[in-house]
Amino acid sequence: MKITLLQHTSLAVCASAIRTCWQSFDKSDNGGEKDKELIDRVGNKFKHASTLEHLVYTFYIQGISRALLQELARHRIASLSVKSTRYTLKELKGEESFTCRDFEKARKYLVMTDNEKVNEMSIIALENLRLILKEGISNDKAKYCLPESYKTELTWTINARSLQNFLTLRSSKSALWEIQELAHKLYESLPFEHQYLFTCEKL
Ligand SMILES: Cc1cc2nc3c(=O)[nH]c(=O)nc-3n(C[C@H](O)[C@H](O)[C@H](O)COP(=O)(O)OP(=O)(O)OC[C@H]3O[C@@H](n4cnc5c(N)ncnc54)[C@H](O)[C@@H]3O)c2cc1C
């Protein structure tokens, strides 16, 4: 999977939002150490967490499975724009047939697991899908035989408060392995000066 941070709010904006409450703008150091301490104290320690909603991140997420997408979409406090299978399945039509051992070739379309048997079965499903499309069956019908491992991509926008919740829940060892990996990569792609606001369990 590949994560690209497309944009983020500067810490100075969040600090300024907090300073609105006390009208203490003159104490700002424009997103420096004083402002960072203020954001952590008010947003995290005092649990005045709505102030963290002024920090917003937009990521471009590529190469995750639709199994992971289903879990990601459960996080309601975020905005998603997802690659549509209805419009893009034609990408498979130009492919030559897949045998169940075509791991490298199939990796373009499928997320592979560490289980060879599961990967083989996914590739068989991919080949079945390709045959259905070759027959001229519409994407709207063909998509019902997509394997859950089929790769997708999306633009994902989330504020810091909701991202804290996401990273806590999804970097946990009890979360799905692929979403743990996503949580780590999201954390790693945050600007270094923002990472102190988040906790992310080690992989
Ligand atoms: C290890 C693990 C296993 C899971 N297993 C399952 C499963 O078997 N089946 C299943 O269906 N789901 C499962 N889930 C998904 C889980 O139930 C949540 O839907 C998902 O993690 C999103 O969390 P969230 O609601 O906190 O996030 P968001 O939807 O982003 O919400 C963020 C926060 O906003 C508040 N909020 C949002 N909506 C409401 C609301 N309507 N009322 C009150 N407060 C609200 C809550 O404080 C919430 O924490 C699992 C999650 C994890 C981490």
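Quantities reported herein were computed from a predicted structural model and do not represent experimental measurements. (Residues numbered from 1 in each chain as written. Predicted model: local features only at pLDDT ≥ 70, side-chain atom pairs only at ≥ 80, totals over all residues.)

**Things to note about the overall build of the protein chain**
When you go through the protein chain residue by residue, the secondary structure sums to nine helices and four strands. Oriented by its inertia axes, the alpha-carbon framework of the protein chain measures out at about 70 × 30 × 20 Å. By residue count, 28% of the 203 residues in the protein chain fall in the buried class. Considering only intrachain contacts with a sequence separation of at least 6, the fraction spanning at least 24 residues in the protein chain is 69%. (Helix = DSSP H or I, 4+ residues; strand = E, 2+ residues; numbered from the N terminus. Buried ≥ 20, exposed ≤ 12 C-beta atoms within 10 Å, placed from the backbone. Contact = placed C-beta atoms within 7 Å.)

**A look at the site of the ligand**
Close contacts around the ligand come from Arg74, His75, Arg76, Ile77, Ser162, Asn165, Leu169, Ser174 and Ala175, and that covers them all. Split by residue class, the shell around the ligand holds three nonpolar, four polar and two charged. (Near = placed C-beta within 6 Å. Nonpolar A, V, L, I, M, F, W, Y, C, P; charged D, E, K, R; others polar.)

**Comments concerning the pairing of strand 2 (residues 56–65)**
Two elements, strand 1 (residues 2–8) and strand 2, share six bridges in a ladder whose sense is antiparallel. Each bridged residue has a counterpart across the sheet, and for Lys2 the counterpart in strand 2 is Gln62. Bridge analysis of strand 2 against strand 4 (residues 151–159) gives nine bridges, and the strand direction is antiparallel. Bridged to Tyr57 within strand 4 is Ile158. (Pairing = 2+ DSSP bridges.)

**Quick word on the packing of helix 8 (residues 160–170) against helix 9 (residues 177–189)**
In the contact formed by helix 8 and helix 9, the axes pass within 9 Å of each other and the chain directions differ by 135°. Our classification of the angle between helix 8 and helix 9 gives oblique. As helix 8 runs across helix 9, the sense of the crossing is left-handed. The segment helix 8 lies against helix 9, with Phe166, Leu167 and Arg170 engaging Ile179, Gln180, Leu182, Ala183 and Tyr187. Tallied by class, the residues present in the contact of helix 8 with helix 9 amount to six nonpolar, one polar and one charged. (Axes fitted to C-alpha atoms, helices over the stretch in contact; angles between N-to-C directions. Parallel < 35°, antiparallel > 145°, perpendicular 65-115°, else oblique. Left-handed = near helix turned anticlockwise from the far one by under 90°.)

**A few points about the domain arrangement of the protein chain**
When its domains are assigned, the protein chain resolves into domain 1 (2–62 + 153–197) and domain 2 (85–151). One C-alpha centre belongs to domain 1, the other to domain 2; they are set 36 Å apart. (Domains from an automatic or database assignment.)

**Regarding the packing of helix 1 (residues 11–22) against helix 2 (residues 33–45)**
Contact geometry of helix 1 with helix 2 gives a least axis separation of 9 Å together with a crossing angle of 60°. The angle between helix 1 and helix 2 places the two elements in the oblique class. In this structure, helix 1 crosses over helix 2, and the sense of that crossing is left-handed. Contacts from Leu11, Ala12, Cys14, Ala15 and Ile18 in helix 1 reach Asp35, Lys36, Leu38, Ile39 and Val42 in helix 2. Residue composition of the contact of helix 1 with helix 2, by class: eight nonpolar, no polar and two charged.

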